[in-house]
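# Residue-level structural notes
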Amino acid sequence: QVQLVESGGGLVQAGGSLRLSCAASGRIFSSYGMAWFRQAPGKERELVAGIGWNGGNLYYGDSVKGRFTISRDNAKNTVYLQMNSLKSEDTGVYYCAATRFTGGWSERTYEYDFWGQGTQVTVSS
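These remarks concern the structure in this document. (Residues numbered from 1 in each chain as written. Predicted model: local features only at pLDDT ≥ 70, side-chain atom pairs only at ≥ 80, totals over all residues. Heavy atoms only, no water.)

## Focus: the state of the cysteines
- The final tally for this structure, using the stated rule, is one disulfide.
- The disulfide that involves C22 links it to C96, with 2.0 Å between the sulfurs. Sign of the S-S torsion, about 50° for the bond between C22 and C96, identifies this disulfide as right-handed. One end of the pair, C22, is in strand β3 (residues 18-24); the other, C96, is in strand β9 (residues 92-99), and 74 residues separate them in sequence. A single burial state applies to C22 and to C96, both of which are buried. (Disulfide = S-S within 2.5 Å. Helix = DSSP H or I, 4+ residues; strand = E, 2+ residues; numbered from the N terminus. Buried < 20%, exposed > 50% of the residue type's maximum accessible area, 1.4 Å probe, protein only.)

Here it is, written out as C-alpha cells:
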C-alpha cells in the first residue's frame, strides 16, 4: 500500500507561483511512476505532469509546458510540482497519483493504483 498526502495549495494571484508536495508512505515509493492531475469544476480530471520512477521520462500537458516542473526525491518519498506564471485557468483541485504503468505515467486515470486526497489551487485574475 502507498498513501499519498498533498500539500502546498492555496490562493495566489495570476503570475504568481506555488509549489505542491506529495508525501508518500511506504518503502516502495521509488518503484512507482508519479503524476499530478488536476480537476476544475465541471471538467474531467486531466494529467498535468508525470515522472518515471527514476526521475526520467517526464511529461507535461501542453497548457503547462514551460511553466510547471515536476520532480521527485526518492530518499524523501516525495514528488513536487513547481508552478510558475500561474493563470486563472490553472485553478482546480490537484491530485498526485502513483502507478506501476510501463513508462511511468499515463493519461488514463484507471492506470493509477493510489491517489491523494487533493489540494485546492485557486488563481485569482
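Okay, back to it.
## A closer look at the sheet that holds strand β1 (residues 4-7)
- Read across the sheet, four strands follow the order β1-β3-β8-β7 without closing on themselves; strand pairing throughout is antiparallel. Strands at the two margins of the open sheet, each flanked by one partner only, are β1 and β7 (68-73). Taking each pair of neighbouring strands and ignoring which way they run, the sheet shows an average axis angle of 15°.
- In terms of strand pairing, β1 meets β3 through four bridges, oriented antiparallel. Paired with L4 across the two strands is A24, which belongs to β3. (Pairing = 2+ DSSP bridges. Axes fitted to C-alpha atoms, helices over the stretch in contact; angles between N-to-C directions.)

## A few points about the packing of aromatic side chains
- Tallying each qualifying case throughout the model produces six aromatic pairs.
- Considering the side-chain rings of Y32 and F114, the 5.8 Å spacing of their centres and the 65° angle between planes classify their relative orientation as edge-to-face. With Y32 in the loop between β3 and β4 (33-39) and F114 in strand β10 (residues 114-115), the pair connects residues that are 82 residues apart, well separated along the chain. Just as Y32 is buried, F114 falls in that class too.
- For the pair F37 and W115, a centre-to-centre distance of 5.0 Å together with 55° between the ring planes defines the contact as tilted. One end of the pair, F37, is in strand β4; the other, W115, is in strand β10, and 78 residues separate them in sequence.
- Among the residues examined, F37 registers a relative accessible area of 0% and is labelled buried.
- Judged by relative accessible area, which is 26%, W115 ranks as partly exposed. (Phe/Tyr/Trp six-rings, centres within 6.5 Å; stacked < 30°, edge-to-face > 60°.)

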